[in-house]
Amino acid sequence: MSILDSNSVGSPSSDGEFKPLNSEEFRKQAHQMVDFIADYYHNIENYPVLSQVEPGYLRSRLSETPPYLPDSFDDIVRDVEKDIIPGMTHWLSPNFFAFFPATVSSAAFVGEMLCTAFNSVGFNWLACPAATELEMVVMDWLANMLKLPKSFMFSGTGGGVIQGTSSEAILCTLIAARDRALEIIGVQNIAKLVVYASDQAHSTYKKACKLAGVLPCNVRLLPTTQASNFSLSPALLRTVIEADVGAGLVPIHLCATLGTTSTTAVDPIGPLANVANDYGVWVHVDAAYAGSACICPEFRHHLDGIERVNSLSLSPHKWLLSYLDCCCLWVKQPSQIIRSLSTNPEYLNNKASESGSVVEFKDWQIGTGRKFKALRLWLVIRSYGVANLQSDPRFEIVTPRLFSLVCFRLNPCPRSATGTEEGLNRMLLDRVNSTGRVYMTHTIVDGVYMLRCAVGSTLTEELHVVAAWKLIKEGADALTERVESRV
Ligand SMILES: *Cc1c(COP(=O)(O)O)cnc(C)c1O
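Residues numbered from 1 in each chain as written. Predicted model: local features only at pLDDT ≥ 70, side-chain atom pairs only at ≥ 80, totals over all residues. Heavy atoms only, no water.

A. Seen up close, the packing of aromatic side chains. Applying the stated criterion across every chain, the model contains 13 aromatic pairs. When the centroid spacing of 5.3 Å and the interplanar angle of 70 degrees are considered together, the rings of Phe361 and Trp364 count as edge-to-face. Judged by its relative accessible area of 0%, Phe361 is buried. For Trp364, a relative accessible area of 3% puts it in the buried group. Clustering of aromatic rings is evident, with ring pairs tying together Tyr40, Tyr41 and Tyr47. (Phe/Tyr/Trp six-rings, centres within 6.5 Å; stacked < 30°, edge-to-face > 60°. Buried < 20%, exposed > 50% of the residue type's maximum accessible area, 1.4 Å probe, protein only.)

B. Seen up close, the site of the ligand. All residues adjacent to the ligand are Phe100, Thr165, Ser166, Ser167, His202, Thr257, Gly259, Thr261, Asp286, Ala288 and Lys318. Here Ser167 contributes a side-chain N or O atom positioned 2.6 Å from an oxygen atom of the ligand. One nitrogen or oxygen atom from the side chain of Asp286 is found 2.6 Å from a nitrogen atom belonging to the ligand. Applying the majority rule of atoms within 2 Å of the grid points places the ligand in the second largest pocket. Of the residues belonging to the shell around the ligand, the class tally is two nonpolar, seven polar and two charged. (Near = heavy atom within 4 Å. Polar contact = N/O pair within 3.5 Å; in protein donor to acceptor, adjacent residues only side chain to side chain. 1 Å grid on protein atoms, 1.4 Å probe; cavity = no way out; pocket = protein on both sides within 12 Å on 5 of 7 lines; lining within 4 Å. Sits in = over half its atoms within 2 Å of the grid points. Nonpolar A, V, L, I, M, F, W, Y, C, P; charged D, E, K, R; others polar.)

C. Quick look at the sheet that holds strand 12 (residues 441-445). Taken in spatial order, the four strands make up an open sheet running 10-11-13-12, and their pairing is antiparallel. Pairing within the sheet leaves two strands with one partner each, and these edge strands are strand 10 (395-397) and strand 12. The average angle at which neighbouring strand axes cross in this sheet is 40 degrees, direction not considered. Pairing of strand 10 with strand 11 (residues 405-410), which is carried by three bridges, proceeds in the antiparallel orientation. Along strand 11, the bridge assignment pairs Glu396 with Arg409. Those strands touched by helix 14 (residues 421-434) are strand 10, strand 11, strand 12 and strand 13 (448-454), and its axis lies near 25 degrees from that of strand 13. Relative to the sheet, helix 15 (residues 462-479) contacts strand 10 and strand 11, its axis offset from that of strand 10 by approximately 130 degrees. (Pairing = 2+ DSSP bridges. Helix = DSSP H or I, 4+ residues; strand = E, 2+ residues; numbered from the N terminus. Axes fitted to C-alpha atoms, helices over the stretch in contact; angles between N-to-C directions. Contact = heavy atoms within 4.5 Å.)

D. Structural context of the UniProt feature "modified residue: N6-(pyridoxal phosphate)lysine" (unreviewed entry) in the protein. When the UniProt feature table is mapped to this numbering, "modified residue: N6-(pyridoxal phosphate)lysine" (unreviewed entry) covers Lys318. When you line up the elements, Lys318 lands in helix 10 (residues 316-319). With residues near it in sequence (within four places) discarded, Lys318 still touches Phe100, Pro101, Ala102, Thr103, Ala288 and Tyr289. (UniProt positions renumbered as here; feature names shortened; annotations may be inferred.)

E. Representation of the nonpolar core. Membership of the largest hydrophobic core comes to 60 residues, with the highest contact counts inside it found for Leu146, Leu148, Leu254, Leu303, Ile306 and Trp330. Sequence-distant contacts of Leu303, defined by excluding residues within four places in its chain, comprise Leu146, Leu148, Leu258, Ile269, Cys294 and Leu312. Core analysis: the next-biggest nonpolar cluster, separate from the first, contains 34 residues, Leu171, Leu174, Ala208 and Cys255 among them. (Core = buried A, V, L, I, M, F, W, Y, C linked by side-chain atoms within 4.5 Å.)

F. The arrangement of the sheet that holds strand 4 (residues 193-198) in detail. Strand order in the open sheet formed by seven strands is 3-9-8-7-6-4-5, and the pairing between neighbours is mixed. Pairing within the sheet leaves two strands with one partner each, and these edge strands are strand 3 (159-163) and strand 5 (219-222). Adjacent strand axes in the sheet meet at a mean angle of 20 degrees when their direction is disregarded. Lying over the sheet, helix 6 (residues 166-185) contacts strand 3, strand 4, strand 6 (250-257), strand 7 (282-286), strand 8 (311-314) and strand 9 (327-331), oriented at roughly 160 degrees with respect to strand 6.

G. Seen up close, the pairing of strand 11. With four bridges joining them, strand 11 and strand 13 adopt antiparallel strand pairing. Residue pairing across strands places Cys407 opposite Arg452, the latter belonging to strand 13.

Below you can see the structure in the form of structure tokens.
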């Protein structure tokens, strides 16, 4: 094969010069790859979810030395199918129930295409104004969706940043808390710093402590019990902090978890913050997985008390359709993180930076270079709208479901012309019952009209419940104007 082989990845120009990015070659290969990916998604259930290969399987399949001359793109794609796919554990398979899901979407994928295409390295504002400013907008949007107080938003007094992983986000907050304390007690006293989390906190917390220089013997992973659903007890926290203060130690940081990795236990944010605030302890809420759910009104209460914490992180790559990696960190006083992490090399100096009027995200994270990741979140939020991301906000479960009866109603869309709530729900009930495919009834309690769906007839199976829900949603679609997908 010649280096001039026209089907090679690094496409040669007519004079044989190597050109790694040729727009026509790119168009062809990228189209081919999109087809490959679409087929992969379509056929994903044909593969074993958990890879069946033995350790070292790949070394025996691939050549020991790299190719001296280019391989053809077709050959490479074929080898992905033949050699790489068998070694994949298919995280996107509908049959993947392990760990936490890593959710994705077409919108995030095309956002990632753009991000990769631009390949901007937006460490400071000037290096890519759009990347910095879109990130600020999107972080405020998401804060708005979570109903975070203004103190976490750029439009208020705080702000947010997109990090790679929760581990980095937690580490940044820990370093800020550490430096805040060391400024007062002096670096020579670093061995006195003590931090808190429950024994259910993610293992990355211990790692962050190691990286931040908190002694392992000063990392308090407080015991939880099944009786308290493995959530951290504020009373226990107070007792332990008091003992530490009495022993001359300096409490600096609490990592509360909203949705622990083992069992999705939720630490009570408000009551824990009350204790921590009494001792000037930085409170970080690690909501890596469950935080995304809090954009839905029915889950928002888990964030109660959030106005009294210092920082919050959650990962849209886990539960907000965003592809790896995307961890959102909000802080109430960004200056505290910036004080710890800012750098000021001469080669990055520019007027905008010196003016202090722009955000320099390199000072909010561990690395310097950073991708234009906000595009992914922007595409997701714009393409689906808050309404779709909240699933179906049109329905309200009126009373808590205790047994197998679900009492629900359809809330009128602000722009629909269907009249009163009661009228709307009467029409919905008539509509689903008139299909002859289901029968459900209604009740009125405290003036509220609601539909009653009592699941549990002897012959009812899951498929019947799923079909009934589909019918209800179709009825609602017909009765109300769909909330427009753009908000
Ligand atoms: C997944 C998870 C982490 C670790 O997240 P990374 O982004 O992989 O660092 C931390 N905390 C909780 C609660 C998690 O669910």
